[in-house]
Amino acid sequence: MIRWADPIKWVCETGRPETKISEDDVFTLDDEDCGISYYEEGFISCGLDHNLFVISAKDPDVGTFIIAVQSTLANKRKAMVFRNKGTYRFWIPAELMRERDIICFCYRKSFFENKFRRSKFPKMKYGLVNATPRIYEQLIDYDKSEVFHSHKTYKFGILYIAEGQGDNEQAIYSNQGGSQYYDEFLRTILGQEVQIDGWDKFLGGLSTETGDTSIYTNFRDREIMYHVATMLPFDEDDEECVDRKRHLGNDIVIIVFQEPGAKFDCDVFTTQFSQIYIVVEPVIDNNEIVACKIACANKAIVPPYSPFIPYPPTLPYGENLRNFIITKAINAERAAMRAYTFGEKNKRTRLILLEDFKTTWTKLKKKI
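Residues numbered from 1 in each chain as written. Predicted model: local features only at pLDDT ≥ 70, side-chain atom pairs only at ≥ 80, totals over all residues. Heavy atoms only, no water.

Some details on the packing of aromatic side chains
- Under the defined criterion, the tally for this structure stands at 21 aromatic pairs.
- Between the aromatic rings of Y160 and F257, the centroid separation amounts to 6.3 Å while the plane-to-plane angle is 15°, which identifies the pairing as stacked. With Y160 in strand β7 (residues 153–161) and F257 in strand β11 (residues 253–258), this residue pair connects regions lying 97 residues apart in the sequence.
- When the centroid spacing of 5.7 Å and the interplanar angle of 55° are considered together, the rings of Y182 and F257 count as tilted. Linking Y182 in helix α5 (residues 180–190) with F257 in strand β11, this pair joins segments that are 75 residues apart in sequence. (Phe/Tyr/Trp six-rings, centres within 6.5 Å; stacked < 30°, edge-to-face > 60°. Helix = DSSP H or I, 4+ residues; strand = E, 2+ residues; numbered from the N terminus.)

Take a look at the structure:
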């Protein structure tokens, strides 16, 4: 689906074997608990028994990190990882009991940018922390550094790529329409077509000068207006498609619908602002969309975010696909904002805390 991406600039997500998705899954929005420390609410305040591990690797891309994992047996157990790039949380399967297996599982889940080399784990040492109230306070403060104010409005770009256009930015931006499958995807998965004139809800920077209609949706009380390239004005004399790029070039997240056989190349786009491309390719059977393949290209600075793409990276066409794509887009934007909002200052603070844990609170004797 993705032709090629410079691994220095981009991290491509094409499916995780350990990720399974069912029709009953509810995908979590990362902004639902804004203003709350997940560690404080999910571990400390509710009195959840849990273990704390400090892990350290010589590999500078891994460094030192902390794992908090529920110690009481259950069908699935809470886990949280504290890294210099931020915090990550997920569930651990009940069958994972050994310390080494738990640490390896958490490494896979939270060091996503190392996906291409995680078949061989870096050499790591770890130790169990004898937790105290002071340690709990430090981790709560660490977690709160990740808190954001909740957003209720989002704008995402939409691009259509026909077969043979994947490496031609001008051709992609010049598309004045798409296939029947593209039109169906816009109006059944992403949202509904609305008239811009007289629209009294979120416009996302659009006006009557940018076209008569666009695609809009309300998703879990969040308003989303899409900048759909094929629905924005097109001028044949404007070879650079400046008017269209003015909108999509300022969108952090771009959803790309590509026809079967097309190959997406994220390096073909000149914008420096867009950080994430969510690529969707329909699976056609008897002239109907029965499923969609999904892949993502993320700027290397963007930290991992859920929901993660399963392997094979294909979801049945329907409501679950809609929930997955829109949740993915919202969480992607927030992950990108987190990367740029806190920057190096917070990273240094986290590094100091992690190193303090390694030297003060435990002895790293066990090896992986």
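So, the side chain of K328
- Relative to the assigned elements, K328 resides in helix α7 (residues 319–361).
- Classification of K328 as buried rests on a relative accessible area of 0%.
- Among all residues touching K328, those that are not within four sequence positions of it are E13, I278, C296, Y305, S306, P307, F308 and I309. (Buried < 20%, exposed > 50% of the residue type's maximum accessible area, 1.4 Å probe, protein only. Contact = heavy atoms within 4.5 Å.)

As for a positive patch on the surface
- Among the surface-exposed residues, K58, K123, K125 and K367 lie close enough to one another that they form a single positively charged patch.
- By the secondary structure assignment, K367 is in strand β15 (residues 366–367).
- The exposed category is assigned to K367, whose relative accessible area is 65%. (Patch = residues over 30% accessible without salt bridge, like charges linked within 9 Å, V, L, I, M, F, W, Y side chains within 5 Å. Areas by Shrake-Rupley, 256 points an atom, 1.4 Å probe, with all protein chains shown as cover. Salt bridge = Lys/Arg side-chain N within 4 Å of Asp/Glu carboxyl O. Lys, Arg positive; Asp, Glu negative; His and termini not counted. Charge placed at Lys NZ, Arg CZ, Asp CG, Glu CD.)

Side note on helix α2 (residues 99–110)
- Over its 12 residues, α2 runs 17 Å from end to end, which matches the ideal 16 Å to within 8%, given 1.5 Å per residue.
- Restricting attention to buried positions, one finds in α2 the residues I102, I103, C104, F105, C106, Y107, K109 and S110.
- Elements that come into contact with the buried residues of α2 comprise β2 (50–57), β3 (64–70), β4 (76–83), β5 (86–93) and β6 (124–128). (Expected span 1.5 Å × (residues − 1).)

As for a negative patch on the surface
- Together, D235, E236, D237 and E239 line one region of the surface with negative charge.
- By secondary structure assignment, the location of D237 is in the loop between β10 (222–228) and α6 (242–248).

Focus on the side chain of Q138
- Here Q138 is to be found in helix α3 (residues 133–144).
- You can call Q138 buried: its relative accessible area is 17%.
- Every residue in contact with Q138, bar those within four places of it in the chain, is listed here: L353, D356, F357 and W361.

Examining the sheet that holds β2
- Within the open sheet, the six strands sit side by side as β5-β4-β3-β2-β6-β15. Their pairing is antiparallel. Edge positions in the open sheet fall to β5 and β15, since each of these has one partner strand only.
- In the sheet, β2 pairs with β3 via seven bridges, with the strands oriented antiparallel. Its bridge partner being in β3, N51 is matched across the sheet by V69.
- The sheet contacts of α2 involve β2, β3, β4, β5, β6 and β15, and relative to β5 the element is tilted by about 130°.
- Relative to β4, α3 is tilted by about 75°, and along the sheet it contacts β2, β3, β4 and β5. (Pairing = 2+ DSSP bridges. Axes fitted to C-alpha atoms, helices over the stretch in contact; angles between N-to-C directions.)

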